[in-house]
Amino acid sequence: MSKALKICGKIIKLLAVVTGVLFVIYFWNLDQKLMAWAYTLVNKIFDRKKADVRF
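Treat the numbers as computed from the prediction; the structure is a model and nothing was measured.

Student: Teacher, can you tell me more about the packing of aromatic side chains here?
Tutor: Each aromatic ring pair is summarised here by two numbers: the centre-to-centre distance and the angle between the ring planes. A complete count under the given rule lists two aromatic pairs for this structure. Measuring from centroid to centroid gives 5.7 Å for phenylalanine 23 and phenylalanine 27, while their planes differ by 20°, and the two rings are stacked. Here phenylalanine 23 pairs with phenylalanine 27, and both are found in helix α1 (residues 2-27), just four residues apart, close to one helical turn. An identical accessibility class is assigned to phenylalanine 23 and phenylalanine 27; each is exposed. Taken together, the ring pairs connect Phe23, Phe27 and Trp28 into an aromatic cluster.

What counts as what
Residues numbered from 1 in each chain as written. Predicted model: local features only at pLDDT ≥ 70, side-chain atom pairs only at ≥ 80, totals over all residues. Heavy atoms only, no water. Phe/Tyr/Trp six-rings, centres within 6.5 Å; stacked < 30°, edge-to-face > 60°. Helix = DSSP H or I, 4+ residues; strand = E, 2+ residues; numbered from the N terminus. Buried < 20%, exposed > 50% of the residue type's maximum accessible area, 1.4 Å probe, protein only.

This is how it looks when you write it as structure tokens:
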């Protein structure tokens, strides 16, 4: 019985940590800031390439 309670306790702790991390990401809009950084990096990479235009 105590082994089952330890496993349940670990699962509850893990879910609490995941929920806390997701709340911080949502609260500070870190997902949008990360995507803005990624878009600028991708644009820098693709702006260096020559355009391959064929008509």
